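# Structural features, examined
Here is what each chain is made of, one letter per residue.
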Amino acid sequence: AADFSCRRYELLPVSVNSGAAHQQLVIKACNIVAEYYPRDLDQEQYLQADDVEIRNSAMRALANFKSSEKLDKLLVFLRQENTARGAINGISKMIEKNPIYFNQVVKAFIEEVDLRVKKDLATILSLRIEYFIMKLTGKNNDDAKKIIKEIILLGRTSEVIDFLNKNKDINIENELIA
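The shown structure was predicted, so the numbers you read here are calculated from the model rather than taken from an experiment. (Residues numbered from 1 in each chain as written. Predicted model: local features only at pLDDT ≥ 70, side-chain atom pairs only at ≥ 80, totals over all residues. Heavy atoms only, no water.)

This brings us to the overall build of the chain. Across its full length, the chain carries 13 helices and zero strands. The C-alpha radius of gyration computed for the chain amounts to 22 Å, which surpasses the reference 16 Å derived for 178 residues by more than 25%, pointing to a less compact arrangement than a globule. For the chain, the C-alpha atoms occupy an extent of roughly 80 × 35 × 25 Å along the three principal directions. Residue pairs in contact within the chain that sit at least 24 positions apart in sequence constitute 59% of those at least 6 positions apart. For the chain, the computed accessible surface area is about 11,400 Å², with 53% contributed by carbon and sulfur atoms. (Helix = DSSP H or I, 4+ residues; strand = E, 2+ residues; numbered from the N terminus. Rg over C-alpha atoms; globule rule 2.2 N^0.38 Å. Contact = heavy atoms within 4.5 Å. Areas by Shrake-Rupley, 256 points an atom, 1.4 Å probe, with all protein chains shown as cover.)

Take a look at the structure:
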């Protein structure tokens, strides 16, 4: 019979907290599956899992699809407080990979009435604040003005300040101040 005992340790380091080690392994596996096999995590058993980290991995998997239905799913998860962080990350990643969904997020931001959800959407849109600021100089800039104003009122000012520090166009700064 094989002897698998360790001469150096009586109690193996892996055995000390095996429950937590197993949980970390499961979460790490979910993150890898989300990146390479996202379809496997696009199932209710993962999207509605009891473990928040597994749900966040499933939402990260949704960001790998080119589908407005998947974005709608993420927007639903954004409304739930315990999954909002994963939804923010998923929506941001989805917009980064597929800018065509940006307008859908803008529309959701304009129509949203829940202040917490609106603030989370402002967090996502503030990453693209330069897009709205550049729209100020063009025609039909009412939506851009409204979005910038709401982003600032919701406390996302550092992105605007960063843009102003880099900007050299006085016309854009005048429009922003107006």
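For the rest of this paragraph, the subject is the side chain of N167. Considering the arrangement of structural elements, one finds N167 in the loop between α12 (158-166) and α13 (170-177). When its relative accessible area of 13% is taken as the criterion, N167 is described as buried. There is a polar contact of 3.4 Å between the side chain of N167 and the side chain of E173. Not counting residues within four places of it along the chain, the set of residues in contact with N167 comprises I172 and E173. (Buried < 20%, exposed > 50% of the residue type's maximum accessible area, 1.4 Å probe, protein only. Polar contact = N/O pair within 3.5 Å; in protein donor to acceptor, adjacent residues only side chain to side chain.)

This paragraph deals with the nonpolar core. The biggest cluster of nonpolar side chains holds 44 residues, and the ones touching the most others in it are L78, I91, V105, F109, L121, L125 and I133. With six residues, the top contributor of residues to this core is helix α7 (residues 84-97). With residues up to four places along the chain from it excluded, the contact list for F109 reads K118, L121, A122, L125, I147, E150, I151 and L154. (Core = buried A, V, L, I, M, F, W, Y, C linked by side-chain atoms within 4.5 Å.)

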